[in-house]
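# Architecture at a glance
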Amino acid sequence: MTHELITNISNFLADKKKNNLLRTIKEYIPLENSHVKVEHNKMINISSNDYLGFSFHEEVIQASMHAIGKYGVGACASRLVSGSFDLHKIVESKLARLKNRQACLLFSTGFQCNSTVIPALCNPKIASKSVLIISDKLIHASILHGIQASGKHVSHKRYNHNDMTHLARILEKYAQDFTTIIIISESVFSMDGDLAPLDELIKLKNTHKALLYIDEAHSTGVLGENGAGLCHNKDVDIIMGTLSKAFSSMGAYIVGSQALIDYLTNANTGFIYSTALSPAMLGAINKILDLLPTAEIQKRRENLQAKAHILRTSLQDLEINTSNSQSQIVPMIIGTAEDTLKWQEYFKNNNFIATAIRPPTVPQGGSRIRFALNSALKDQDLEELIHLIKAGMTNTSIINASITNTNKKGIL
């Protein structure tokens, strides 16, 4: 007899497939200059977070290989056992300087970082038994997971995306009832590519004596002075960032006061019980931190934003909804999951990897193609992409008529 759990799993998968929400793993072989190999075909990848093309930067590769030669393949233990090397501290010191903060602590992944740091901050031993977290409605799943894991003594309110009037109302209504208040946002939102109003967030957190926690995953490396992100020299209490986006590597970090980092070293389960970042990653990250302020990388940053501007304005000229994108992330919001998958297949048939993003990653009715641009993307490739979008909008023999009609109705 089939166990009920297995039957429920089968029903879950069937329901996902029926609603065009089933996820499958696809294999890619990465190549230089924003290309990948898929089923023997060379294709242009416009869905990668390798914003500055560091994954194939010769100096970065050499630094990674050198670190392996010196330290071996893996850390082989947690940092508090025997897995901490001088290279961990070197990278942490450089990240702290980049962010102009006292100290830094490395984590193995971004999801691990957010999902375990937030519960540590809400520990009743330090945060009392009266904690309120107020988060933007579009925060990353890892942040939401961390909030949900923080305990029953933590209350959670969500303000409308980037709506400071709504946030102010929540603070005015509830702040006096809680001893500890934490406001959480991202600086660049991963699905819409828009920016948080940091100055207004800082003003509100100071008015109500709250802590401000900002996820800088998609801004570090590409925005701010020398790629320092948008929180550089701003009154943000806790800054989180990842090393898997513009840094083309793996891992995450928290920067803040020395006391904060010392506390997380002693109280954060994600840090205490996880194997440390590998030498290969540390070597690459260390070199990238040295390269960030150079003229070469500054040119890449400028090139990246220029290409994003061209794509964004071209889509808007076609009356396609790009949300409030202001970064290298440019969404093409389509609406239904079914139509978004058709666009994904259309791009694939024309040698572009442009991944469909569907619920629950985005809200119902908000399925989209999320263009994540790379500074190495050639001008002619971008021109070809824009041409394909125009063709898909007007020629029903190329793309399903329902998608074209949806566009004309302005739903995109």
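Everything that follows concerns the structure shown earlier in this document.
Just so it is clear, the model here is predicted, and its values are computed rather than measured.

## Thoughts on the pattern of salt bridges
One pass over the full model with this rule turns up 12 salt bridges. Residue D235 is joined to K205 by a salt bridge in which the shortest nitrogen-to-oxygen separation is 3.3 Å. Taken together, the residues span a long stretch of sequence, with D235 in the loop between β8 (211-215) and β9 (238-242) and K205 in helix α8 (residues 198-207) at a distance of 30 residues. According to the relative accessible area criterion, D235 is partly exposed, its value standing at 38%. A salt bridge links E296 to R300, with the shortest nitrogen-to-oxygen separation between them at 3.0 Å. You can see E296 and its partner R300 sitting in helix α12 (residues 295-317), 4 residues apart, about one turn around the helix. The exposure class of E296 is partly exposed, given its relative accessible area of 34%. The class of R300 is partly exposed, set by a relative accessible area of 22%. Connected through shared salt-bridge partners, R79, K89 and E92 make up one network.

## Observations regarding the sheet that holds strand β12 (residues 352-353)
Pairing is mixed in the open sheet, where 4 strands are placed in the order β1-β2-β3-β12. Strands at the two margins of the open sheet, each flanked by one partner only, are β1 (29-30) and β12.

## Section: the pairing of strand β11 (residues 329-335)
Burial within β11 is extensive, with 7 of its 7 residues counted as buried. Of the two faces of β11, the one holding I329, P331, I333 and G335 and the one holding V330, M332 and I334 are both buried throughout. When β11 meets strand β14 (residues 367-372), the two strands line up antiparallel, connected through 6 bridges. Paired with I329 across the strands is A372, a residue of β14.

The rules behind the values
Residues numbered from 1 in each chain as written. Predicted model: local features only at pLDDT ≥ 70, side-chain atom pairs only at ≥ 80, totals over all residues. Heavy atoms only, no water. Salt bridge = Lys/Arg side-chain N within 4 Å of Asp/Glu carboxyl O. Helix = DSSP H or I, 4+ residues; strand = E, 2+ residues; numbered from the N terminus. Buried < 20%, exposed > 50% of the residue type's maximum accessible area, 1.4 Å probe, protein only. Pairing = 2+ DSSP bridges.

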